[in-house]
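Analysis of the macromolecular model
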Amino acid sequence: MRRTATTLADGRELIYFDDTEPYASGGAVRELHDRRVLEPTVATSTVRYDVLTGEWVTLASHRNARTFLPAADDCPLCPTRPGRPATEIPARDYDVAVFENRFPSFALAAPPVPELVDGEPLWPQRAAVGRCEVVCFTSDHERSFSDLPTTRIRTVLAALVDRTRALSAVPGVAQVYCFENRGEEIGVTLRHPHGQIYAYPEPPARTAALLRQSRAYHARTGRVLLRDVLDAERRAGTRMVLEARHWSAYVPVAARWPVELHVAPHRDVADLTELTDAELDELAVVYRDVLSRLDRFFDSVDVLPYIAGWQQAPVGDGRELGRLHLQVFSLMRSPHRMKYLAGSESGMGAWISDSTPEAIAERFRAVAPAREAS
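Residues numbered from 1 in each chain as written. Predicted model: local features only at pLDDT ≥ 70, side-chain atom pairs only at ≥ 80, totals over all residues. Heavy atoms only, no water.

Our next topic: the environment of V367. Within the secondary structure, V367 sits in the loop between α6 (357–366) and α7 (370–373). Accessibility expressed as a relative area gives 6% for V367, which makes it buried. Placed 75 residues apart in sequence, V367 and S292 show a C-alpha to C-alpha distance of 8.8 Å. Excluding residues that lie within four positions of it along the chain, V367 makes contacts with R293 and R296. (Helix = DSSP H or I, 4+ residues; strand = E, 2+ residues; numbered from the N terminus. Buried < 20%, exposed > 50% of the residue type's maximum accessible area, 1.4 Å probe, protein only. Contact = heavy atoms within 4.5 Å.)

And the structure:
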């Protein structure tokens, strides 16, 4: 694989990760010059503290103007080709490409803001300093992640490792989250197969809750909570979906979503950067397997909307309690019927599941690819 970095017309960074020839060996290089005329990206985001919940809320009103479900010929994630508008990727083709989001929730150049909203001590706020990147998995507009060969998935993983390492070293970044949204049902605004990377200035609510639980557990037992959760799931076996040499996939015992599973390494690692080549090689196979099962979960649904996100340990405080794992889930509760977060979930945060973890795991096992079932 070859890594080539350049900049777009407005100064944003673009990085190619090539696994095909003649680019992988350096025999040729992708187009590096963005010929568009673009105004510099201006991010006006702030983060405000919610004193009622202890959470930080990001305000990013400039994102309201972002591109929304363009036609395929106008897709900004496709390669730049003759006869079409220039895109975010100036090359006529690419393998994997990562670039800074043009409509970021967080930005390293976020303007400073007063420390308090309206001068009130109850309402602290900060500039939303961080970074948001887009990861294009393939130049093929019609592909999906699970359709990619394992060699390409391995390149995507290498790109995520690269970006996790780089963004974790940025001053002020608290956590790096790599994720993919698929399906208009969950809010996707670009149909091209892609993911995103967020470098947060504060640990998000889910991470804060996990650290709170992990600290309490460690104080009682001296052990790491996520390590013991994986071991307990493997012992029980009830909700296990697959076990490989380096990785296991299981439905968590208190799964919230109607379709959900976690993929975790057998070895304790904090984030993607700590994985060995052997672990990454196997993960490419396991990842493809897991996503393929999603599309088989409902008999009459060919493309299941989902969110797949890498839960990585925080960069600083609490890192020793974090443990890498992938959370994959869908909001679809039955064929073509979505689970909406209505009164109880949205208003009170009191989750009500439409299935049981054991039934979800049984279905995931039943739809294993043929090569595993034989």
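This part covers the sheet that holds strand β12 (residues 259–265). Adjacent strands of a sheet form backbone hydrogen bonds with each other and so pair up, either parallel or antiparallel. Read across the sheet, 11 strands follow the order β1-β2-β5-β7-β9-β8-β13-β14-β12-β11-β10 without closing on themselves; strand pairing throughout is antiparallel. The sheet is open, and its two edges are formed by β1 (2–7) and β10 (240–243), each paired on a single side. For this sheet, the mean angle separating the axes of adjacent strands, direction not counted, is 15 degrees. Relative to strand β5 (residues 96–100), strand β2 (residues 13–18) is paired through 4 bridges, and the arrangement is antiparallel. Paired with F17 across the two strands is V96, which belongs to β5. Packing against the sheet, helix α3 (residues 225–236) makes contact with β10, β11 (247–250), β12 and β14 (325–330), and its axis sits at approximately 75 degrees to β11. (Pairing = 2+ DSSP bridges. Axes fitted to C-alpha atoms, helices over the stretch in contact; angles between N-to-C directions.)

This part is about the nonpolar core. Looking at soluble globular proteins, one finds that nonpolar side chains tend to be buried together. Within the largest apolar cluster, 62 residues are counted, with the highest numbers of intra-cluster contacts made by F145, Y287, W310 and F364. Every residue in contact with Y287, bar those within four places of it in the chain, is listed here: F145, I153, L157, A308, W310 and L326. In terms of nonpolar packing, the next biggest core, distinct from the first, is built from 14 residues, A97, V134, C136 and L190 among them. (Core = buried A, V, L, I, M, F, W, Y, C linked by side-chain atoms within 4.5 Å.)

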